[in-house]
Amino acid sequence: MEKEVKKTCSFYVSEYHLVTMLLPYIKQKIDEKAIIKTILEENIEENMEKLVKNINLETNCKNEILSINWKSFQAYNFPNIEKALENGKITNIIISGKYDYVEMINKTIENYIENSYINYKIVINNCYDVTDLKTNINEILERHDKILNTSGEQNIELILPNKKKVVKTN
């Protein structure tokens, strides 16, 4: 049984900053025919629509981006995880919000995967609202494989050369 979970992190100061940062990544994933799901604390649909309509993209790509669910939902209405994950296919899950929200959604996904008998390949993109005072950027960076910015996925060490990933041992 193959269960592979990779995590990227990113940081944003507003919903418009978030959609601006995500757009190049989303376009790349659409070009790769990737599965993209969202779990958002705040509704960013209007900001995404404004940005997509004002940039030069093929109509088909614009439609695919806008067909992704950019609406928020309350954590207690967390959708059935099985619907978000597809057996054996790489699923990109974009999670955005304040620290506690992102962490709670991650724990829910991790618990589900741990107790599941299905093959999963998941890339979790944790997007943290830095206006949230609980956000500890150094601690977050240590728990992620890469960082996502407008240039795409980057190794954390390339962005922050003095930051070395901590490998936890049991």
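These figures come from a predicted structure and were not determined experimentally.

Glancing now at the pattern of salt bridges. All told, the structure shown has seven salt bridges when counted by the stated rule. Ionic contacts of the salt-bridge type, sharing partners, join the residues E103, E139 and R143 into one network.

We now examine the environment of L51. Its location among the elements puts L51 in helix α2 (residues 45-53). Once the C-alpha coordinates of L51 and L23 are considered, the two residues, 28 residues apart in sequence, prove to be 8.7 Å apart. The contact partners of L51, leaving out residues within four places of it in the chain, are Y16, V19, T20 and L23.

What follows is about the pairing of strand β6 (residues 152-155). The sheet contact formed by strand β5 (residues 146-149) and β6 spans four bridges and is antiparallel. Across the sheet, L148 pairs through a bridge with E153, a residue of β6.

Here we come to the sheet that holds strand β2 (residues 35-40). Hydrogen bonding along the main chain pairs the strands of a sheet, whether they run parallel or antiparallel. Judged by pairing direction, the sheet is mixed, and its six strands sit side by side in the order β2-β3-β4-β1-β5-β6 without closing on themselves. Here the strands that pair on one side only, and so sit at the sheet edges, are β2 and β6. Neighbour to neighbour, the strand axes of the sheet diverge by 25° on average, direction disregarded. Taken together, the 10 bridges between strand β1 (residues 3-12) and strand β4 (residues 120-129) define a ladder with parallel strand orientation. By the bridge assignment, Y12 is partnered in β4 with D129. Here helix α1 (residues 15-31) sits on the sheet in contact with β1, β2, β3 (90-97), β4, β5 and β6, set at roughly 145° to β1.

Running from amino to carboxyl end, α1 crosses α2 at an angle of 50°, the nearest separation of the two axes being 9 Å. The orientation of α1 relative to α2 falls into the category oblique. Here α1 and α2 pass one another in a crossing that is right-handed. On the side of α1, the interface is formed by E15, Y16, V19, T20 and L23, while α2 contributes N47, M48, L51 and V52. Broken down by class, the residue content of the contact of α1 with α2 amounts to six nonpolar, two polar and one charged.

Let us look at the environment of I147. Within the fold, I147 resides in strand β5. Each C-alpha atom, one on I147 and one on L158, is 9.6 Å from the other, the two residues being 11 residues apart in sequence.

In the predicted model, the protein chain carries a mean pLDDT of 83, and 83% of its residues have values of at least 70. Note on residues 166-170: pLDDT is under 50 here. Beyond four places in sequence and across chains, it has two contacts.

This paragraph deals with unusual backbone geometry. Of note, the phi angle at K33 is positive, near 60°, even though the residue is not glycine. Tracing the backbone shows K33 in the loop between α1 and β2. Overall, the relative accessible area of 72% leaves K33 in the exposed class.

What counts, and where the lines are drawn
- Residue indices begin from 1 for each chain and proceed along its sequence in written order.
- Note on the predicted model: pLDDT of at least 70 is required for a residue's local features to be given, and 80 or more for side-chain atom pairs to be given and counted; whole-chain, interface and lining totals, by contrast, use all residues.
- The side-chain values count all of the structure's non-hydrogen atoms but skip hydrogen atoms and water molecules.
- By definition, a salt bridge exists where a carboxyl oxygen of Asp or Glu is found within 4 Å of a side-chain nitrogen of Lys or Arg.
- Counting from the N terminus, the helices are the DSSP runs of H or I reaching at least four residues and the strands are the DSSP runs of E reaching at least two.
- Note on definitions: a residue-residue contact is assigned when non-hydrogen atoms from the two residues lie within 4.5 Å.
- Pairing between strands is defined by DSSP: at least two bridges between them are needed.
- For helices, the fitted line uses only the C-alpha atoms of the stretch in contact; every axis is such a line through C-alpha atoms, and the angle between N-to-C directions lies from 0 to 180 degrees.
- Convention used here: angles under 35 degrees read as roughly parallel, angles over 145 as roughly antiparallel, angles from 65 to 115 as roughly perpendicular, and any remaining angle as oblique.
- Less than a right angle of anticlockwise turn of the near helix away from the far helix marks a crossing as left-handed, whereas a clockwise turn marks it as right-handed.
- Gly is put with the polar residues, along with every residue not named as nonpolar or charged; the nonpolar set is Ala, Val, Leu, Ile, Met, Phe, Trp, Tyr, Cys and Pro, and the charged set is Asp, Glu, Lys and Arg.
- On a range of 0 to 100, pLDDT expresses the predictor's confidence in each residue.
- Buried means the residue's accessible area, taken with a 1.4 Å probe over protein chains only, is under 20% of the maximum for its type, while exposed means over 50%, and partly exposed covers the values in between.

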